[in-house]
Amino acid sequence: MSRLKMVAGNWKMNKTLQEGVALAAQLKEDVKNPSCAVVIGTPFIHLATVAELLKDSPIKVAAENCADKEKGAFTGEVSAEMVRSTGATYCILGHSERRAYYHEDYEILKNKVELALANGLDVIFCIGEVKEERESGKQNEVVQAQLDGSVFHLSAGQWKHITLAYEPVWAIGTGLTATPSQAQDMHAFIRSLVADKYGAEAAEATTILYGGSCNEKNAAELFACPDIDGGLIGGAALVAEKFEAIIAAR
Ligand code: PEP
């Protein structure tokens with residue numbers, strides 16, 4: 001069975017509105033017929049404008065976060081319903097920066113995932129171990145706990161709207177990429193966990209992205225691994241030529 005291949009960008013807290021719109025316009029111009037799904041994750045303030053700009057383009061738009069509450073008196077928060085109303089169709093959740101700096105634990109992420117799905121968003125759910133956990137050989141149990149804690153309670157129907165992104169935290173923004181064999185081993189392990197939970201067919205259909213210093217130079221080698229279905233790209237997604245080269249490598 002062939003599953004969806006994808007290259008997704010995560011702009012993080014970069015780009016003014018004008019800069020972001022210019023980057024999205026460049027991508028729209030250059031990426032007309034990609035051989036994989038292409039998603040760009042932008043700050044909240046860009047979503048409506050970028051989604052409108054890209055409405056006739058194959059490029060889809062993601063939020064980088066959403067609230068863990070439905071609506072109401074939560075000053076400064078942005079709900080999943082509000083994200084969906086911008087025209088965005090994806091939401092990135094569980095990113096290690098949100099886990100580390102904003103204390104998003106399994107339960108908070110579980111609520112966010114449920115709200116995103118309930119509001120018609122597909123979720124790119126990030127998992128991955130920190131350096132000490134890798135060094136002590138705990139990476140598999142860490143990733144399993146992250147899945148158990150926030151997404152493995154979902155129904156089989158909901159699971160169809162989940163894309164996983166394995167992002168070893170020690171590789172994010174550090175220039176230290178996981179080797180293709182480290183990444184492949186983990187992706188195969190993750191797929192086996194999905195098979196245990198949702199069955200072999202669902203596991204075969206699950207898109208699992210690699211993220212962590214993936215760039216235009218190493219993407220092809222990573223994407224050649226059988227269980228690596230694409231990438232979640234941070235730094236290299238901020239430059240049109242680099243992001244486009246990664247899309248072309250997929
Ligand atoms: C990320 O933050 O999701 C990421 C993969 O960042 P970078 O590509 O910059 O390592």
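The shown structure was predicted, so the numbers you read here are calculated from the model rather than taken from an experiment.

**Q** For unusual backbone geometry, give the residues involved together with the corresponding values.
**A** Backbone geometry follows two general trends: most residues other than glycine have a negative phi, and most peptide bonds adopt the trans configuration. Its identity as a non-glycine residue notwithstanding, Lys12 has a phi of 55°, on the positive side. Note that Lys12 resides in the loop between strand E1 (6-10) and helix H1 (17-30). In this structure, Lys15 is a non-glycine residue whose phi angle is positive, near 80°. Counting through the fold element by element, Lys15 comes out in the loop between E1 and H1.

**Q** Describe the pattern of salt bridges, listing the residues and the values that go with them.
**A** Counted according to the given criterion, the structure contains 15 salt bridges. The closest approach of N and O atoms between Arg98 and Glu104, which form a salt bridge, is 2.9 Å. A relative accessible area of 22% means that Arg98 is categorised as partly exposed. A relative accessible area of 6% places Glu104 in the buried class. A salt bridge links Lys217 to Glu216; the nearest nitrogen and oxygen atoms lie 3.7 Å apart. For Lys217, a relative accessible area of 72% gives the class exposed. The partly exposed category is assigned to Glu216, whose relative accessible area is 29%.

**Q** Provide a residue-level description of the side chain of Ser96, including the pertinent values.
**A** Relative to the assigned elements, Ser96 resides in helix H4 (residues 96-101). If we ignore the near neighbours within four places in the chain, the residues touching Ser96 are Val169 and Ile172.

**Q** Give me the lowdown on the nonpolar core, citing residues and values where you can.
**A** Counting residues in each nonpolar core, the largest one holds 67 residues, and the members touching the most others are Phe125 and Ile190. Per element, the largest residue contribution to this core is seven residues, and it comes from helix H9 (residues 180-198). Residues in contact with Ile190, not counting those within four places in the same chain, are Ile127, Val143, Leu147, Leu164, Tyr166 and Ile208. Ranked by size, the runner-up nonpolar core spans 11 residues in total, among them Val39, Ala62, Ile92 and Ile124.

**Q** Requested: an account of the packing of helix H5 (residues 106-118) against helix H7 (residues 139-150), with residues and values cited.
**A** As a packed pair, H5 and H7 sit with axes 8 Å apart at the nearest point and diverge in direction by 55°. Between H5 and H7, the angle is such that the two are oblique. As for how H5 packs across H7, the hand of that crossing is right-handed. In contact with Tyr106, Leu109, Lys110 and Val113 of H5, H7 contributes Ala145, Gln146, Gly149 and Ser150. When the residues that make up the contact of H5 with H7 are grouped by side-chain class, the tally is four nonpolar, three polar and one charged.

**Q** A description of the packing of aromatic side chains should follow, citing residues and the corresponding values.
**A** Scanning the model with the defined rule gives four aromatic pairs in all. Pairing Phe152 with Trp159 gives two aromatic rings, centres 5.6 Å apart and planes at 50°, and the pair type is tilted. For Phe152, a relative accessible area of 8% gives the class buried. On the accessibility criterion, Trp159 (3% relative accessible area) is buried. Ring pairing ties together the aromatic residues Phe152, Trp159 and Tyr198, which thus form one cluster.

Quick notes on the rules
- Residues numbered from 1 in each chain as written.
- Predicted model: local features only at pLDDT ≥ 70, side-chain atom pairs only at ≥ 80, totals over all residues.
- Heavy atoms only, no water.
- Helix = DSSP H or I, 4+ residues; strand = E, 2+ residues; numbered from the N terminus.
- Salt bridge = Lys/Arg side-chain N within 4 Å of Asp/Glu carboxyl O.
- Buried < 20%, exposed > 50% of the residue type's maximum accessible area, 1.4 Å probe, protein only.
- Contact = heavy atoms within 4.5 Å.
- Core = buried A, V, L, I, M, F, W, Y, C linked by side-chain atoms within 4.5 Å.
- Axes fitted to C-alpha atoms, helices over the stretch in contact; angles between N-to-C directions.
- Parallel < 35°, antiparallel > 145°, perpendicular 65-115°, else oblique.
- Left-handed = near helix turned anticlockwise from the far one by under 90°.
- Nonpolar A, V, L, I, M, F, W, Y, C, P; charged D, E, K, R; others polar.
- Phe/Tyr/Trp six-rings, centres within 6.5 Å; stacked < 30°, edge-to-face > 60°.

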